[in-house]
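# Architecture and fold: a report
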Amino acid sequence: MDQDTSDNGANRITSRATQLSLNSGTSVSVYPYEDVTALLDSATKDMKVGQLVQLETFSLFDAMCAIVIMDPKMDTGMILDDYSTRPQYGVNRLLNPKEFIWIFDNILIGKACHDGNQSYLFSCYILRLFEIDLGDESSGISKSDQDRGDQPPTQFVTAVLKSCVLAVAKSCGLIWTEMRKGQVYEEEDFMSNKFNVSLYENYPVASLIAMLDQAEYWMETSGKQWIELHYGNEAVDITKAVMERIYYSRSSFMALYQVMTPKCSQVSEAVPQLEAVRKNVEGMKSTYSLGIPVEGAFDHKVHRKLVTNTPPRAIALLTLEETFEHLDQLCADLIFIGQAIPFPDAANLVNFFIQFAAKKPAPGAFPRSILQTVLYENQIIMGTCKAQDVIRDSIQETVTPASWIFGSFDTLQAKLQEDSSKLASESASAVLSSILEVDEDPLAVQKRQIQAKTVLFVEKAIKPFVDTLQIAGQNASRQRRNLRKMVQLWEGLQEEAEALDEEIHQVMDEIRAQQQDQNCKEDSEAMQETSLRPFYFVSWAYHMKLWTMEWLLLLGFELELYSAFEYSMIYGYIDCVLGAHAQHLRRIQSIVESEAHNSTKSSLGQKKKKKKKKKTAVSGAGVSTEDKIPNQSTASSPASPSTQLSLGNNSSAAAAAAEPRPEHEGKPEPSVSASTPASASSLTHAIRSAQDLVTIRLQIARAVFLVLAALTKVGHLSTTPAHLASHGLNDLETLHRHRFKAFHHLSSPETMSFEGFLHRLECEGLDAHQVLEYATEFFSEAKANLDRLQSLSGKDARVELCEDNWRKDLKNMAKVCIASKIAIATLHKDPRVLEQKEFSIEAQKRAATSAAAAAFAAKRSMKGRDKDKTDPTASNAQPSYKAPIRALHFEWKYHSWWPVISLQ
């Protein structure tokens, strides 16, 4: 821009500012308008339709909110001569059954896309449904009808089409009502704006059902007769196609209506309707080719006429095949939800939500919103149980606390709920004092205080527990974002649980002291054997936190957030978390089994004592007998690779799969293959099922890590690629801090430092061939454990609500194990692996020779203390590779968390 132009612009701005200051009290406009049409035309004369001029700062959000210029559907200011002069489609035109099939199927396309847009509004029949009026002609076939040849009866429009379209429109209205609850995020899943178009929400349901019944009756009589008269060999298929669409309209509307009933009162009853809908969809899928297009029945530029302040969201319509697949999947997801009501126990409920979140393909926005509504409403979970009762059951299933802790739970909970409004602003001590009853026994008072605090703890646990389950009903990206917050919530609850457990221990010490005073010497010795201090509530909160951490880390693979060069770092961290979880579950199981064992022993001792006293009173001869309890300890599992290969000292859970039990627990550690004592089996099914699955995941994660470590050793995988700086990171250590930032401030488990990761990656100096052998053993163990886990019934595994999905997941993990073992067999033949193996053998021979020579020299020089010294660099030396570096291939075919790794 030259100087004169710049000066003129500055003068014009100054002049306008002066006018503004002089006319601030008047309504006269001070800004002269200029026509810039010629300027825009000259600037865009070289551009084609659809091209866009944008700044570098033009973001994705800006693109989503922008009006697409020169798009006939989006740009309402674009002049369309052909559109403005086109005559309006006549909804009162007669339709034959083939035309009805085509119109209805294309309306279903809009309904299938209803989760995120308003594609159903493209149909002229939905927009102008009650404009249909062809008079009250008889439904029978008269002589004049036959004389008209192919002219169809009006009932194909007034009875069949009108009722079916009304059912679809009201179904869309039900979906819109559910989605307006805000259970899912609008910007990601759904656009709630209806553009002031009615979906006939106020039309009576009974009238709709009556219309569909009338359409079905007319088709079974007169309609079928007319089709047979005019379509010959196609008559049977056409009649079936029309009837399937009438059945679908009724069943789909009734199913949605029942699914959305308050308090989940009819969700279970909707399951048969949804099964019928799936059959109708299959029937429509086989007959959609019979449809004949009707020109003008759909207006894809209708948004230009609607009342809206913003443009609609642009989407791509589905094909008919995709539409039917979508409708079938929608029904399958709703059936999956409906079958979970009622649920047998808390473990089944948690497993159901785990499997729902892992469903492939992922459920749509509407089923996820329904799940949110069904899960928690008015403090009721799944429409059947109080949230407090579900959490209590979850704690009891996981850690089986002493019976007196929850002894007065229902009574205290009822009192707390009655006075909740009055006690809301008071302190916790005031709440406790208001619901406690005065008791002369100090121990009873302490027990009562623990019971009251337990009720308050369960109340506080509702939010993290319900929120964690609700995350399963969100899309995968939102799941991972919210799981980061849930880890912190569980951390806070774990701190409160520690304080509660400490108070429980004080009461249990008082109980033990009283029992020792009252019992004889042998009973006192028996009490000493049960001095293990179980942490009930901390164990449960820690278990839930570890599960949340595992879910958060593994979701990154589903979302493809990790780069290949950091896979080893991620799987190493997952190994640590899973190891801590496996160790924790083993401790819980040992405590549960120990308490069950000691409870049985104490009960037998009491019976023998009573029997002894009775015999003494009768015969006067005291017979001293010892209680004989069969050995109920579980058999240890065979030695596993984890006992032979240590992956580093940084994490306390690095070798958790084979970590020895604490000495005071006094029993061998259980394993996936170990059998539980019969006396404790009913108490440990839930925790053993979780332990088995965590152990299998640990073995697979460790095997994948070892494969990556082996490929890193031979140079096929680099943890510091050249393009790392392009990610805005200085080095891998910075990336390590960023990836695990959510876990840095947790009190437990112990986090894996970057130095610890590098140490684990070395695998104690083993060569790649040896590391791959260990990986094969881990995959073999995981496959064997998967086979054993699959042999369990759904009831024993606590997956009654999702058994099919659970078994499918186990089969997919088994496929990963099999395919990975085959891939490792190929990796063993890689030239670089073979070169390192040969180099390692030669290095060992040289080290052995050097050690022998050093020992001989030490013997002669009488310096025996130096005989064990070897060359420290021998294990770290690397060969000069002759084979080239090969690219890695990660195949996620079988499971979205566990890849099969091979070389290209």
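Residues numbered from 1 in each chain as written. Predicted model: local features only at pLDDT ≥ 70, side-chain atom pairs only at ≥ 80, totals over all residues. Heavy atoms only, no water.

The helix and strand tally for the protein chain stands at 31 helices and five strands. Counting the 904 residues in the protein chain, one finds 49% classified as buried. Expressed as a percentage of contacts within the protein chain between residues at least 6 apart in sequence, the contacts between residues at least 24 apart total 81%. Surface exposure of the protein chain reaches about 44600 Å², of which carbon and sulfur atoms provide 52%. (Helix = DSSP H or I, 4+ residues; strand = E, 2+ residues; numbered from the N terminus. Buried < 20%, exposed > 50% of the residue type's maximum accessible area, 1.4 Å probe, protein only. Contact = heavy atoms within 4.5 Å. Areas by Shrake-Rupley, 256 points an atom, 1.4 Å probe, with all protein chains shown as cover.)

What follows is about the packing of aromatic side chains. Taken as a whole and assessed by the stated rule, the structure comprises 31 aromatic pairs. When the centroid spacing of 5.2 Å and the interplanar angle of 65° are considered together, the rings of phenylalanine 130 and tyrosine 200 count as edge-to-face. One end of the pair, phenylalanine 130, is in the loop between helix H6 (124–127) and helix H7 (143–147); the other, tyrosine 200, is in the loop between helix H9 (186–189) and helix H10 (205–231), and 70 residues separate them in sequence. Residue class for tyrosine 200 comes out buried when judged on its relative accessible area of 11%. (Phe/Tyr/Trp six-rings, centres within 6.5 Å; stacked < 30°, edge-to-face > 60°.)

Here lysine 360 shows up in the loop between helix H14 (346–357) and helix H15 (365–375). Here the alpha-carbon distance between lysine 360 and asparagine 805, two residues 445 residues apart in the chain, equals 9.8 Å. Excluding residues within four positions of it along the chain, lysine 360 makes contact with Glu558 and Ser896. Within the local environment of lysine 360, its side chain forms a polar contact with the side chain of glutamate 558, the two groups lying 2.9 Å apart. (Polar contact = N/O pair within 3.5 Å; in protein donor to acceptor, adjacent residues only side chain to side chain.)

Our focus in this paragraph is a nonpolar patch on the surface. Residues Val36, Leu39 and Leu40 make up a contiguous nonpolar surface patch of about 290 Å² in total accessible area. Looking at the secondary structure, you find leucine 39 in helix H2 (residues 37–43). (Patch = residues over 30% accessible without salt bridge, like charges linked within 9 Å, V, L, I, M, F, W, Y side chains within 5 Å. Salt bridge = Lys/Arg side-chain N within 4 Å of Asp/Glu carboxyl O.)

All right, on to the pattern of salt bridges then. Under the defined criterion, the tally for this structure stands at 27 salt bridges. One salt bridge connects arginine 886 with aspartate 830, and the closest N-O pair in it is separated by 2.9 Å. Taken together, the residues span a long stretch of sequence, with arginine 886 in the loop between helix H31 (831–861) and strand S4 (888–891) and aspartate 830 in the loop between helix H30 (803–827) and H31 at a distance of 56 residues. The class of arginine 886 is partly exposed, set by a relative accessible area of 30%. Its relative accessible area of 2% is what places aspartate 830 among the buried residues. Residues joined in a network through salt bridges with shared partners are Asp389, Arg392, Asp393 and Asp410.

Across the two faces of S4 the burial differs, with Leu888 and Phe890 buried and His889 and Glu891 not buried at all. Relative to strand S5 (residues 900–903), S4 runs antiparallel, the two sharing four bridges. Of the residues in S5, the one forming a bridge with glutamate 891 is valine 900. (Pairing = 2+ DSSP bridges.)

Here helix H20 (residues 442–471) crosses helix H23 (residues 536–558) at 15°, and the two axes come no closer than 12 Å. Taken as axis vectors, H20 and H23 run roughly parallel relative to one another. When you trace H20 past H23, the crossing you get is left-handed. Along its contact with H20, which presents Thr454, Phe457, Ala461, Phe465, Thr468, Leu469 and Ile471, the element H23 presents Phe537, Trp540, Met544, Trp547, Thr548 and Trp551. Residue composition of the contact of H20 with H23, by class: ten nonpolar, three polar and no charged. (Axes fitted to C-alpha atoms, helices over the stretch in contact; angles between N-to-C directions. Parallel < 35°, antiparallel > 145°, perpendicular 65-115°, else oblique. Left-handed = near helix turned anticlockwise from the far one by under 90°. Nonpolar A, V, L, I, M, F, W, Y, C, P; charged D, E, K, R; others polar.)

End to end, helix H11 (residues 235–259) covers 36 Å across 25 residues, agreeing with the expected 36 Å (1.5 Å per residue, within 8%). When you tally the buried positions in H11, you get 20 out of 25 residues, the bulk of the element. (Expected span 1.5 Å × (residues − 1).)

With 30 residues, H20 should reach 44 Å at 1.5 Å per residue; the first-to-last C-alpha distance of 44 Å fits that figure. At alanine 461, H20 shows its maximal kink, close to 35°; a proline, proline 464, follows between one and four residues later. (Bend = angle between axes of the 7 residues up to and from the residue.)

With respect to the secondary-structure elements, glutamine 413 resides in helix H17 (residues 409–418). Leaving out residues up to four positions away in the same chain, glutamine 413 has contacts with Lys386, Gln388, Asp389 and Val455.

Let us look at the nonpolar core. Met382, Phe465 and Trp540 are the most contacted members of the largest nonpolar core, which totals 225 residues. In this view, phenylalanine 465 contacts Val350, Ile381, Val390, Ile391, Ser394, Trp490, Trp540 and Met544; residues no more than four positions away in its chain are not counted. (Core = buried A, V, L, I, M, F, W, Y, C linked by side-chain atoms within 4.5 Å.)

Moving on to the packing of H10 against H11. The interhelical angle for the contact between H10 and H11, taken along N-to-C directions, is 175°, at an axis separation of 9 Å. The angle between the axes of H10 and H11 places the two elements in the roughly antiparallel class. Looking at the contact of H10 with H11, its residues break down into 17 nonpolar, two polar and six charged.

This part covers the environment of glutamate 503. With respect to the helices and strands, glutamate 503 occurs in helix H21 (residues 476–518). C-alpha of glutamate 503 to C-alpha of isoleucine 450: the two residues are 53 residues apart in sequence and 7.3 Å apart in space. If near-sequence neighbours (up to four positions away) are discounted, glutamate 503 is found in contact with Ile450 and Lys453.

What follows concerns the confidence of the model for the protein chain. Looking at the protein chain as a whole, the pLDDT averages 78, with 71% of positions reaching at least 70. Long-range and interchain partners of residues 521–531, a stretch whose pLDDT sits below 50, account for ten contacts in this model, where long-range means more than four residues apart. This model gives residues 648–683 a pLDDT under 50, and the stretch forms 96 contacts once residues within four places in sequence are excluded. (pLDDT = per-residue confidence, 0-100.)

Let us look at the sheet that holds strand S3 (residues 385–386). Pairing in this open sheet of three strands is antiparallel, and the strands run S1-S2-S3 from one edge to the other. This sheet does not close on itself; its edge strands, each paired only once, are strand S1 (376–377) and S3. By the bridge criterion, two bridges tie strand S2 (residues 380–381) to S3 in an arrangement that is antiparallel. Its bridge partner lying in S3, isoleucine 380 is registered against lysine 386.

In this model, lysine 360 is joined to proline 361 through a cis peptide bond whose omega is -5°. Inspection of the secondary structure puts proline 361 in the loop between H14 and H15. Unlike most non-glycine residues, methionine 382 shows phi in positive territory, near 55°. Within the secondary structure layout, methionine 382 lies in the loop between S2 and S3. One non-glycine residue, cysteine 763, lies in the positive phi region at around 55°. Position of cysteine 763 relative to the elements: it lies in the loop between helix H28 (754–762) and helix H29 (768–790).

A few words now on the environment of methionine 569. Tracing the backbone through its elements, the reader meets methionine 569 in helix H24 (residues 567–619). With 188 residues separating them in the primary sequence, methionine 569 and phenylalanine 757 have C-alpha atoms 6.7 Å apart. Each residue touching methionine 569, except ones within four places of it in the same chain, is listed here: Leu732, Leu735, His736, Arg739, Phe740, Met752 and Phe757.

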